[in-house]
Amino acid sequence: MVDIWSGLAQAFWLVITLDAELVEIALRSLQVTLSALVIASLIALPLAALLAVRRFRLRRTVIALLNALMGLPPVVVGLIVYVFLSRSGPFGVLGLLFTPTAMIIAQVIIIVPLIASVAHQSIRDLWQEYHDLLISMNVTQGQKIRTLLWDSRRALLTASLAGFGRAIGEVGAIMIVGGNIDHATRVLTTAIALETGKGNFALALALGFVLIGLAIAVNLAIHALGQTEREGRW
Amino acid sequence: MQLFPVRLTDARATRRGKTLVGPVDLVLGGQGTTVVIGPNGAGKTTFLRMLHGTARLGSGRIDWHCGTEEARHHQCFVFQQPVMLRRTVLQNLVYPLRLRGVARAEAEARARDWAAKVGLSEMLDRQAPVLSGGERQKLALARAMITAPQLLFLDEPCASLDGRAMREIEEHLQEARAAGMRLILSTHDMGQARRLADEVLFLLHGKVHEHAPAEHFFTHPATAQARAFLNGDIVE
């Protein structure tokens, strides 16, 4: 309990004094996670819309697979990305291992199924509602997808935020592919793991509180920008 | 571009191997208003959808004068339960025009004109799904008519509307007809059928039992079932 209070006080102090190391780690956390979020959303949202409107033979299998991949173990993803990016791997020549880019790649792989799966539920419901209208209007597949994505944008924001929540708290995969290198790939979660390992619980907790605060702040900011929860809007 | 005449030859609408409507052999000309009537389950909605191309044609043919693909671009459908895009009234009206590549400024100007015509000018910024039933139906009608289709399908457009809303909708339909738009609508309301119809299609058990000019149908129905239906009897 003492550690918690001490952690809270330390977190408060680190934030108030704008501790240089904390700022660097927090900004890197945000940079990696937001980059992964943007890339994952660009992949997952059109994929979700396509799965809702397009009928093809293995559609149900793909949806089931996507749902199953929501529980993809991050450590396994980290390992696979590590193998692909390591010097002897197929993409070793790119020299991406132990860089923020490798961490972004791992996070994208982890959160694409989550965002696509949650988004698919919303888009599928909207497609059921719009189906007759859009078919009768003779819209093209591209127009259908654009309409569904636009009109379910607030629900899709929630899907993306779920992805953000998963990515910002991710530690296993990015520890493996990032290496937790000081001033290079250290982020809040890997720093927490490191401080906990050193027995420095108060600082680890402080970083944890900063992480929680950051996650809440980003969520609130995105909600405010997306104007969700406004009366009479979807 | 001339849609009519449209010829249905042994046309059947099917779902999961079951025939819902048909076989239908029919020729529809290009003038006026065709009212499709019949008891519940007669296949009115499916017939309209089959003609429009949104219900699966299991067998037979539907031949539009200008070809099926071209015909689809010149027709619109208003559903019994109007589907509202989760957008404002203005955006709902702009949507079909933008799909056809009309510039945003022009699309908005035309949308405002149509909103004024159907009495929705005060509601342009309101979210369409929260409108009342009558307002939604008027919006659906304006959204369908804004692209000036040659043919408009309406599936029970006034079901569950009160008398005033029904009168307004009917006035818009009469205006559209006078402007040369071809209307094909289904209804349960015999009063409405008498007011709007130039010709009547009487459907029963998925088949066209009678196809006749309205005046003739309402005064001299050819079949016993049609006579019973007009008398308000239960038709089976």
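Cut-offs used in this document
- Residues numbered from 1 in each chain as written.
- Chains lettered and ligands numbered in written order.
- Predicted model: local features only at pLDDT ≥ 70, side-chain atom pairs only at ≥ 80, totals over all residues.
- Pairing = 2+ DSSP bridges.
- Helix = DSSP H or I, 4+ residues; strand = E, 2+ residues; numbered from the N terminus.
- Axes fitted to C-alpha atoms, helices over the stretch in contact; angles between N-to-C directions.
- Parallel < 35°, antiparallel > 145°, perpendicular 65-115°, else oblique.
- Left-handed = near helix turned anticlockwise from the far one by under 90°.
- Contact = placed C-beta atoms within 7 Å.
- Nonpolar A, V, L, I, M, F, W, Y, C, P; charged D, E, K, R; others polar.
- Buried ≥ 20, exposed ≤ 12 C-beta atoms within 10 Å, placed from the backbone.

A. Just the sheet that holds strand β4 (residues 57-64) of chain B, in detail. All names here are of chain B. On the basis of which strands lie adjacent, the open sheet formed by three strands has the order β2-β1-β4 and antiparallel pairing. Only two strands of the sheet have a single neighbouring strand rather than two, namely β2 (18-28) and β4. For this sheet, the mean angle separating the axes of adjacent strands, direction not counted, is 15 degrees. Two strands pair when backbone bridges link them, and strand β1 (residues 6-15) and β2 are joined in this way by seven bridges, in the antiparallel orientation. From the neighbouring strand, A13 faces β2, where its bridge partner is V21.

B. Focus on the packing of helix α2 (residues 20-53) of chain A against helix α7 (residues 153-168) of chain A. All names here are of chain A. In the contact formed by α2 and α7, the axes pass within 9 Å of each other and the chain directions differ by 140 degrees. It follows from the interaxial angle that α2 and α7 lie oblique. In this structure, α2 meets α7 at a crossing whose hand is right-handed. Between α2 and α7, the residues in contact are S29, T33, A36, L37, A40, S41 and L45 and L156, S160, G163, F164, A167 and I168, respectively. Per-class residue counts for the contact of α2 with α7 are eight nonpolar, five polar and no charged.

C. Structural detail: the pairing of strand β8 (residues 199-204) of chain B. All names here are of chain B. Here β8 lies mainly inside the structure; five of its six residues are buried. Sheet topology places strand β3 (residues 33-37) next to β8; four bridges connect them, and they run parallel. Residue pairing across strands places T34 opposite E199, the latter belonging to β8. Where β8 meets strand β9 (residues 207-213), six bridges bridge the pair, whose relative direction is antiparallel. When the bridges of β9 are listed, E199 appears paired with P213.

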